[in-house]
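Fold and contact review
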Amino acid sequence: MSSLEMLTLLELAHGRRDEHPAAARSPLVSAARAATRGLAAFGRRSLLLIALLAIWEAAPRLGLIDAVFLPPFSDVIAAGWQLAQTGELYDDASASLLRALSGFLVSVVLFVPLGLAVGWYTRLGDLLNQFIEICRNTAPLALLPVFILLLGIGELSKVTMVVYSCAWPLLLNTIAAVKQVDPLLIKSARTMGATPQQLFRKVILPAALPTIFVGIRLASASAMLVLVASEMVGAKAGLGYLIINSQYSFLIPQMYFGIIGITVIGLAFNAALEAVERRLMRWKAQVSA
């Protein structure tokens, strides 16, 4: 056997010995390493947030800020834990979630199809354009007294406020999404004999979905904003009521925890919408890859 053949055999044997430990790695070790990498990445992304929370905790304790008006972060969490133990936190959070989700879902069901129709049919858009411009420039909170006068201080007025505030981000982004579809795509589909229904389902809707989801996420933020304001005016439960009632009662840690609760719900809402968007637009990820 020649020296070249011997060298080749030795390299192959060495390569197999190197591959053996990798092949023998248990799935548990791989999962642990993946989890470690994920935690490290999360830590890097959260450095600024961790620093802000540390400053929030340290500044009142060091006397840099009056702890009466800005209690330490740990005191705020302790107040939230007390609210959770009494059940008050669950009642307030569930009331706000039910109102926000109800109004948000109703607005999506109503205004996304309307936006698609307005963007697709020019005559309908010309008919409704002036009305849409007037309504979208009328602040929802300015209409809060009107909704309370007409619908009372019950659930209906709050859900209606959420629907109204969500309507305009949804409607405007959906209209813009349809109008911004590449005309070449439409011409190509028509050239290949696509029917109007096929054109809308296979070309217009997929091309418009990314911009539509921008409107949906903006609408979710508007829903929480308007809901909290309406709960501060006339409600006996909800996170907005918790915040304003804690302020009046000078329960400052509870007030801050209510604000944190709204932020957490908003983040969870946005994360859920992002997950839905990724699932509905898997084709976009494939094209990008």
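Below, the structure is looked at part by part.

Calculation notes
- Residues numbered from 1 in each chain as written.
- Predicted model: local features only at pLDDT ≥ 70, side-chain atom pairs only at ≥ 80, totals over all residues.
- Heavy atoms only, no water.
- Helix = DSSP H or I, 4+ residues; strand = E, 2+ residues; numbered from the N terminus.
- Buried < 20%, exposed > 50% of the residue type's maximum accessible area, 1.4 Å probe, protein only.
- Core = buried A, V, L, I, M, F, W, Y, C linked by side-chain atoms within 4.5 Å.
- Contact = heavy atoms within 4.5 Å.
- Axes fitted to C-alpha atoms, helices over the stretch in contact; angles between N-to-C directions.
- Parallel < 35°, antiparallel > 145°, perpendicular 65-115°, else oblique.
- Left-handed = near helix turned anticlockwise from the far one by under 90°.
- Salt bridge = Lys/Arg side-chain N within 4 Å of Asp/Glu carboxyl O.
- Phe/Tyr/Trp six-rings, centres within 6.5 Å; stacked < 30°, edge-to-face > 60°.

So, on to the environment of N137. Following the sequence through the fold, N137 ends up in the loop between α6 (122-136) and α7 (144-151). Look at N137 and you get exposed, because its relative accessible area is 56%. A C-alpha to C-alpha distance of 9.3 Å links N137 and W168, two positions 31 residues apart in sequence.

Let us now look at the nonpolar core. One finds F104, C166, W168, L170, I212, I216 and Y256 to be the most contacted residues of the largest nonpolar core, which totals 57 residues. The element best represented in this core is helix α10 (residues 196-233), accounting for 14 residues. For I216, the contacting residues outside a window of four places in its chain are F104, L170 and L273.

In the contact formed by α6 and helix α8 (residues 155-179), the axes pass within 10 Å of each other and the chain directions differ by 135°. Classified by the interaxial angle, the pair formed by α6 and α8 is oblique. In this structure, the crossing between α6 and α8 has a hand that is left-handed. Across the interface between the two elements, I132, C135 and R136 from α6 touch Y164, W168, L171, L172 and I175 from α8.

As a further point, take the pattern of salt bridges. According to the stated counting rule, one finds seven salt bridges in the structure shown. We note a salt bridge from R99 to E155, for which the minimum N-O separation is 2.7 Å. Placement of R99 in helix α5 (residues 88-120) and of E155 in helix α8 is noted, with a sequence separation of 56 residues between them. The exposure class of E155 is partly exposed, given its relative accessible area of 42%. Ionic contacts of the salt-bridge type, sharing partners, join the residues E57, R61 and D75 into one network.

Let us now look at the packing of aromatic side chains. Per the counting criterion, the structure on display carries eight aromatic pairs. With a centroid separation of 6.4 Å and an interplanar angle of 90°, the aromatic rings of F69 and F250 are classed as edge-to-face. Here F250 lies in the loop between α11 (239-248) and α12 (252-280) and F69 lies in the loop between α3 (47-61) and α4 (73-86), a separation of 181 residues in the sequence. Ring geometry for W120 and F200: centres 6.3 Å apart, planes at 65°, overall edge-to-face. On the criterion of sequence distance, the pair formed by W120 in helix α5 and F200 in helix α10 is long-range, its members being 80 residues apart. Members of the aromatic cluster, joined through ring pairs, are F111, F147, Y164 and W168.

One full turn of an α-helix is made of 3.6 residues, so residues set three or four places apart face in the same direction. Listing the buried residues of α11 in full gives L239, G240, L242, I243, I244 and S246. As for α11, its buried residues are in contact with α4, α5, α10 and α12. Two residues or fewer after α11 comes F250, characterised by a positive phi angle close to 60°.

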